[in-house]
Amino acid sequence: MSALLKELWLFLRETKAWWLAPILVILVLLSILIFVTEGSAVLPFIYTLF
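Residues numbered from 1 in each chain as written. Predicted model: local features only at pLDDT ≥ 70, side-chain atom pairs only at ≥ 80, totals over all residues. Heavy atoms only, no water.

Asks: Before we move on, could you go through the overall build of the chain and cite the residues and values that matter?
Replies: In terms of regular secondary structure, the chain is built from three helices and zero strands. Burial status across the chain gives 10% buried among its 50 residues. (Helix = DSSP H or I, 4+ residues; strand = E, 2+ residues; numbered from the N terminus. Buried < 20%, exposed > 50% of the residue type's maximum accessible area, 1.4 Å probe, protein only.)

Set out below in structure tokens:
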């Protein structure tokens, strides 16, 4: 996992594609949110947002 993050950081720094950073952060946060609420009763309410 560490190598993947390092490679991603080097790619963003080399190509100056800083606009990708917010997209990646939002995707990671949404993934964590879905993973954490996987077995809870909150899940149907989260799905209605999308």
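Asks: Please set out the environment of Tyr-47 residue by residue, giving values where relevant.
Replies: Mapped onto the elements of the fold, Tyr-47 is located in helix α3 (residues 43-49). The class of Tyr-47 is partly exposed, set by a relative accessible area of 48%. Tyr-47 sits 13 residues away from Ile-34 along the chain, and the two C-alpha atoms are 9.3 Å apart.

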